[in-house]
Amino acid sequence: MGIFYRLFSRFKSERRSLGRFAVEGGRVVYYSASPDFAKKVGAVYRCEKLISERIAMIPLEVKRYNSIGKYYMRDVKNPLYDVLNIRPNARMTSYDLLRATIIKMLDSGNAYLYPERENGNVVALYLLENVAHDKMSNTYMVNDSINNIHGTFTGDEIIHLRNIGRDGYTGESTISKAARVIGISSSADEELSSLFATGSRYRGIITGNPTGAIGIGGAAKDQLKGVRDNMREELQQGETLVWLPGEMKFMPFSMTPADVQLLDNKRFTVQEVGRFFSVPPHMLYTDGGNAYSNAENESVEFINDTLSPLLVQIEKELNAKLIDPMMRGYYKIQFDCEALYITDLTTRANYMKTTIESGVRTVNEWRRADGFPMLEGGDEAVVSANLVTLKSRINEGTEGNTQS
């Protein structure tokens, strides 16, 4: 009980940095945690860094429908392409903007983007600060002094990315939901810091002769304090042998069972924070000792279960707010997620080989993607039967049907 009393009493002394809390029924109940405070917990910082950077590194493509080939092709000449992939505004790159947007959504529950337009075309994209959303009228009151954007905007004029919430209109902060675990983890960090702050120096108890006079072995309280202070000073100065007067004894101790349990609880809170952010344990550098195959499977699950829902949400919001309703059948905005599933060069080589042999892609399509010059005849699709062209196989089938 002593270790948890010190843990929570330390936490209460830092109520300003953490936020609001209350004690109900003898238990500490955490209501909120500020993003700055939460990021001091390594697991929180790692989760937000991992999710935001993984999403920010995925190319966001503008595609135009090709009526001849009946497919969507990349449209690099579209004005939106530069805004979404290179420089959305004068202060940020596309990577910086998308990373900051995801962090904002996880921290506060909502992220707001303002698309600046000229002659109907989007020429810039800004991440807004100080936004008030009126759910009843679906309007946004913006007072952003950083980007010098002020006024009231309709729902179609603001890109609103929401974290998971209760009503679907506003999102809720992941940090606020995990505030209790974050608070315990932070308090455990402080307690462990004080536990190991003395390094390898001894800690212990000074005792006297149990058969002596009434008191602590017959020594007066102020005298015992003097012995304690002298011993502490000598140990801090690096002395290894310390003399104690009379029949006094020094009983050293290091980690108690409660301290060991605190370390175990610290490992548990790391995994618990990962659950709130849907990040697997091996990505938080826990000592679980997962095999490579398990880690690879968990990486795929992280993409499917954590990143994919966020990517779909961003795509749908951008298509709804940036593509004119009359042009939505001809243009669309989509992430190129192919690179996420390629874990190493061997896997990528096998994937390239499979797509070429099955006629899904041509040799020149892969060479273009890697920045290599085109090969003569490399635009012909082939199949795995001795790698003949798909066209010749179709002709062979046609000739066979004619002869029969």
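Preceding this paragraph is the structure being described.
Here is what the cut-offs are and how they apply
- Residues numbered from 1 in each chain as written.
- Predicted model: local features only at pLDDT ≥ 70, side-chain atom pairs only at ≥ 80, totals over all residues.
- Heavy atoms only, no water.
- Core = buried A, V, L, I, M, F, W, Y, C linked by side-chain atoms within 4.5 Å.
- Buried < 20%, exposed > 50% of the residue type's maximum accessible area, 1.4 Å probe, protein only.
- Helix = DSSP H or I, 4+ residues; strand = E, 2+ residues; numbered from the N terminus.
- Contact = heavy atoms within 4.5 Å.
- Pairing = 2+ DSSP bridges.
- Axes fitted to C-alpha atoms, helices over the stretch in contact; angles between N-to-C directions.
- Expected span 1.5 Å × (residues − 1).
- Arc of directions from axis to C-beta.
- Phe/Tyr/Trp six-rings, centres within 6.5 Å; stacked < 30°, edge-to-face > 60°.
- Lys NZ or Arg CZ within 6 Å of the ring centre and 35° of its normal.

### Considering the nonpolar core
Counting 50 residues, the largest nonpolar core has Ile-51, Ile-55, Phe-277, Val-279, Ile-314, Leu-322 and Ile-333 as its most contacted members. For this core, the element with the most residues is helix α11 (residues 292–322), which contributes eight residues. Contact partners of Ile-51, with chain neighbours within four places excluded, come to Ile-102, Leu-106, Phe-277, Val-279, Phe-302, Thr-306, Leu-307 and Leu-310. One finds Tyr-114, Val-131, Tyr-140 and Val-142 within the second-largest nonpolar core, a separate group that totals 11 residues.

### Description of the sheet that holds strand β4 (residues 71–74)
If you trace the three strands from one edge of the open sheet to the other, you get β4-β3-β13, paired in antiparallel fashion. Each end of this open sheet is capped by a strand with a single partner; those strands are β4 and β13 (331–335). Between one strand axis and the next, the sheet turns through 40 degrees on average, direction left out of account. With five bridges joining them, strand β3 (residues 60–66) and β13 adopt antiparallel strand pairing.

### Things to note about the pairing of strand β6 (residues 121–127)
By the criterion of burial, β6 is predominantly enclosed, with five of the seven residues buried. Looking at chain direction, strand β5 (residues 110–118) and β6 are connected through six bridges and run antiparallel. Bridged to Glu-116 within β6 is Ala-124. In textbook terms, the turn of a hairpin is the stretch between consecutive antiparallel strands, and for β5 and β6 this stretch comprises two residues, one of which, Asn-119, has a positive phi near 55 degrees.

### Some words on the side chain of Thr-174
Relative to the helices and strands, Thr-174 is located in helix α7 (residues 174–177). Residue contacts for Thr-174: discarding those within four places in its chain leaves Leu-106, Asn-163, Phe-276 and Phe-277.

### With respect to the sheet that holds strand β9 (residues 149–154)
One open sheet accounts for three strands, arranged β7-β8-β9; its pairing is antiparallel. With partners counted over all chains shown, the strands left at the sheet margins are β7 (131–134) and β9, one partner each. Ignoring which end each strand starts from, the neighbouring axes of this sheet average 10 degrees apart. With six bridges connecting them, strand β8 (residues 139–144) and β9 associate as antiparallel partners. Across the sheet, residue Tyr-140 finds its bridge partner in β9, namely Phe-153.

### Some points on the environment of Gln-313
With respect to the helices and strands, Gln-313 occurs in helix α11. With relative accessibility at 24%, the residue Gln-313 sits in the partly exposed group. Among all residues touching Gln-313, those that are not within four sequence positions of it are Met-105, Leu-161 and Arg-162.

### Considering helix α12 (residues 345–357)
Two residues of an α-helix separated by three or four positions point the same way, owing to the 3.6 residues in each turn. An ideal rise of 1.5 Å per residue puts 18 Å on 13 residues; α12 measures up with 18 Å between its terminal C-alpha atoms. Taken residue by residue, α12 has Met-352, Thr-355 and Ile-356 as its buried positions. One face of α12 carries all of its buried residues, which in axial projection span an arc of 100 degrees. Each element contacted by the buried residues of α12 is listed here: α13 (363–369).

### Description of unusual backbone geometry
With a phi close to 55 degrees, Asn-138 is a non-glycine residue in the positive phi region. Structurally, Asn-138 can be placed in the loop between β7 and β8.

### Quick look at the packing of aromatic side chains
Within a pair of aromatic rings, the relevant descriptors are the distance that separates the centres and the angle that separates the planes. Across all of its chains, the model carries four aromatic pairs by this definition. Both rings, one in Tyr-65 and one in Tyr-72, keep their centres 5.2 Å apart while their planes meet at 65 degrees; by these two values the pair is edge-to-face. Given a relative accessible area of 30%, Tyr-65 falls into the partly exposed group. Exposure remark for Tyr-72: the relative accessible area of 28% places this residue in the partly exposed category. Taking 5.7 Å as the distance between ring centres and 85 degrees as the angle between the ring planes, the aromatic pair formed by Tyr-351 and Trp-366 counts as edge-to-face. Taken as a pair, Tyr-351 in helix α12 and Trp-366 in helix α13 lie far apart in primary sequence, 15 residues in all. For Lys-332, the ring lying beneath its charged end belongs to Tyr-72, and the centroid distance is 4.4 Å. One cation-aromatic arrangement involves Arg-361 over Trp-366; the distance from NZ or CZ to the ring centre is 4.5 Å.

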